[in-house]
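The chain contents come next:
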Amino acid sequence: MAAESTQQERDVFEDDGPCAVVDSMEQIGSQWRLIVLHELQSGEQRFNELKESTDASSRTLSRVLDDLQELDFVDRRMEADAPVATYYSLTQKGRSLCPVFDAIESWADEWVDVGTRED
């Protein structure tokens, strides 16, 4: 009977597709995407500023920014003045993640070092 119940649960999951959390993590869940989104919470930044603050390679950062722009989390603005400058900022969708990062930071403050704390 337990095997039958488990199969039914799998069938329901497969029919409905991935839950919202899994789908969300597919969009924002990579390490570099999270780092870039978190860095851009402080406001618009140039490519080189992001490269320095994230410690990402140029190739990785460029790929991540392209992905985030395609997913509508990040806007890109270019200034044609010499030297050409490219600026990145969060879209409304990207800014809507700020409370999520705040919640994760609060959770981390309480739990991440829990094994090393003396209570």
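See the structure shown above.
Reference entry: report on the structure contained in this document. Nothing here was measured: the structure is a model prediction, and the numbers come from that model.

**A closer look at helix α5 (residues 58-70)**
Its 13 residues place the ends of α5 18 Å apart at the C-alpha level, agreeing with the 18 Å of an ideal helix rising 1.5 Å per residue. Every buried residue of α5 is listed here: Thr-60, Leu-61, Val-64, Leu-65 and Leu-68. All buried residues of α5 project into a common sector of 125° when viewed along the axis, lining one side. Along α5, the residues that are exposed and aim more than 90 degrees away from the buried face are Arg-59 and Glu-70. Considering only its buried residues, α5 is in contact with α3 (31-39), α4 (47-54), β2 (74-79) and β3 (85-90). Asp-72, located one to two residues past α5, shows a positive phi value of around 65°.

**Overview of the nonpolar core**
Within the largest apolar cluster, 18 residues are counted, with the highest numbers of intra-cluster contacts made by Leu-37, Leu-65 and Val-74. At the level of elements, α3, α4, α5, β3 and α7 (98-111) are the ones that each hand at least two residues to this core. Looking at this core element by element, the count peaks at four residues for α5.

**Let's talk about the sheet that holds β3**
Pairing is antiparallel in the open sheet, where three strands are placed in the order β1-β3-β2. Both outer strands of the open sheet, β1 (45-46) and β2, are each paired with one neighbouring strand and no more. Note: β2 against β3, six bridges, orientation antiparallel. The partner of Arg-76 across the bridge, within β3, is Tyr-88.

**Looking at the pattern of salt bridges**
Scanning all chains against the criterion turns up three salt bridges. Note that Glu-44 and Arg-77 form a salt bridge whose closest N and O atoms lie 2.7 Å from each other. A residue pair is termed long-range when its members are at least 10 positions apart, and Glu-44 in the loop between α3 and β1 and Arg-77 in strand β2 qualify at 33 residues. For Glu-44, a relative accessible area of 39% gives the class partly exposed. For Glu-79, the salt bridge is made with Arg-77, and the minimal N-O distance between the two is 2.8 Å. Judged by relative accessible area, which is 30%, Glu-79 ranks as partly exposed. For Arg-77, a relative accessible area of 33% gives the class partly exposed. Among the charged side chains, a salt-bridge network with shared partners connects Glu-44, Arg-77 and Glu-79.

What counts and how
In this numbering scheme, every chain counts its residues from 1 along its sequence in written order. Reporting in this predicted model follows two pLDDT cut-offs: at least 70 for local features of residues, and 80 or more for side-chain atom pairs to be given and counted; totals over whole chains, interfaces and linings ignore these cut-offs and use all residues. No hydrogens and no water enter the side-chain calculation; it runs on all heavy atoms of the structure. Elements are defined by DSSP. Helices are runs of H or I of four residues or more, strands are runs of E of two residues or more, and each kind is numbered from the N terminus. An expected span of 1.5 Å times one less than the residue number is assigned to each helix. Remark: exposure states derive from per-residue accessible area (1.4 Å probe, protein chains only) relative to the maximum for the residue type, with buried under 20%, exposed over 50%, and partly exposed in between. In this description, one arc is meant: the one made by directions from the helix axis to the C-beta atoms. Whether two residues are in contact is decided by their heavy atoms: any pair within 4.5 Å suffices. Buried Ala, Val, Leu, Ile, Met, Phe, Trp, Tyr and Cys residues form a nonpolar core when they are joined through side-chain atoms within 4.5 Å. Any two strands between which DSSP finds at least two bridges are classified as paired. Between Lys or Arg on one side and Asp or Glu on the other, a salt bridge is scored when a side-chain nitrogen of the former is within 4 Å of a carboxyl oxygen of the latter.

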